[in-house]
Amino acid sequence: MAEDFYELLDAIRLRPGLYVSPKSVTALYNFIGGYLTASGHEIGHSTQPPYREFNNWVAMKLGLYESTSGWRNMLLKDENADEEKAFDRFFVLFDEFEQRQAKVLLWVKLPLPTTPKVWRIQIDGERRTEIQPPSLVQIIKYTDDKGAFTRYVDEVNEIIEEDYAADLDTAFFRTESLVKKDEWQQ
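A short tour of the structure in this document, coming up. Please read these numbers as outputs of a predicted model, since none were measured by experiment. (Residues numbered from 1 in each chain as written. Predicted model: local features only at pLDDT ≥ 70, side-chain atom pairs only at ≥ 80, totals over all residues. Heavy atoms only, no water.)

Brief notes about the sheet that holds strand S1 (residues 103-109)
Read from one edge of the open sheet, four strands run S1-S4-S5-S6, paired in antiparallel fashion. This sheet does not close on itself; its edge strands, each paired only once, are S1 and strand S6 (159-165). Adjacent strand axes in the sheet meet at a mean angle of 20° when their direction is disregarded. For strand S5 (residues 148-153) and S6, the ladder comprises six bridges, and the chain directions are antiparallel. The residue of S6 that forms the bridge with threonine 150 is aspartate 163. Sheet strands in contact with helix H4 (residues 54-61) are S5 and S6, and its direction is about 20° off that of S6. The strands touched by helix H7 (residues 168-175) are S1, strand S4 (136-141), S5 and S6; relative to S5, the strand with the most contacts, the crossing angle is about 30°. (Pairing = 2+ DSSP bridges. Helix = DSSP H or I, 4+ residues; strand = E, 2+ residues; numbered from the N terminus. Axes fitted to C-alpha atoms, helices over the stretch in contact; angles between N-to-C directions. Contact = heavy atoms within 4.5 Å.)

This is the structure in structure tokens:
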């Protein structure tokens, strides 16, 4: 089902009335949320590019500092609460998102002597899991604006996560627990 997710979005773009009514970004957002929940798959991890990164893409394209409000709210704000314009803008940005090409600016292979043994701690109820650092950290760009992304890659070269930063200084700040500024390679 995950392989068909982007095809489904293309079908919605072509004939929105068959899937969402009215033609609005809120109806689209709710449809996608329901589809992702009902599919039982981690579509955000299995699509290319990973759908879970779309929030960050929208924030970068709209020149926002962060993506925590979600793509729906960001688009509505940018389109002055016009649901139909925000719906159309979703597909413009989604097309760009699908076609994006990463340019690696800086990278570092881990572990380094300064790398901590634990990257993150995940707490699920009473269970505490220590997550090891990634094998590779990259700072990448998709466009010529000042925004950048930090990409964390595991030992089998799978992307664990990609974080948006409004600029390089923010990317350096967010990664300083893993990588000191002078450890980055070009």
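Observations concerning the environment of leucine 28
Tracing the backbone through its elements, the reader meets leucine 28 in helix H2 (residues 25-39). For leucine 28, a relative accessible area of 0% corresponds to the buried category. Residues contacting leucine 28, with those up to four places away along its chain left out, are Ile12, Val20, Trp71, Phe87, Phe90 and Phe91. (Buried < 20%, exposed > 50% of the residue type's maximum accessible area, 1.4 Å probe, protein only.)

Some details on the pairing of strand S3 (residues 127-131)
By the bridge criterion, five bridges tie strand S2 (residues 120-124) to S3 in an arrangement that is antiparallel. Residue pairing across strands places glutamine 122 opposite threonine 129, the latter belonging to S3. As consecutive antiparallel partners, S2 and S3 are separated by two residues, and within that stretch glycine 125 has a phi angle of approximately 65°, a positive value.

Overview of the pattern of salt bridges
In this structure the tally under the stated criterion is 12 salt bridges. In this structure, lysine 23 and glutamate 84 form a salt bridge, with 3.8 Å as the shortest nitrogen-oxygen distance. Of the two residues, lysine 23 sits in the loop between helix H1 (5-14) and H2 while glutamate 84 sits in helix H6 (residues 83-99), which places them 61 residues apart along the sequence. For lysine 61, the salt bridge goes to glutamate 96, with nearest N and O atoms at 3.2 Å. Of this pair, lysine 61 sits in helix H4 while glutamate 96 sits in helix H6, and the two are 35 residues apart along the sequence. Lysine 61 gets classed as partly exposed once you look at its relative accessible area, which sits at 33%. Bridged by salt links that share partners, the residues Glu53, Arg100, Arg151 and Glu162 form one connected network. (Salt bridge = Lys/Arg side-chain N within 4 Å of Asp/Glu carboxyl O.)

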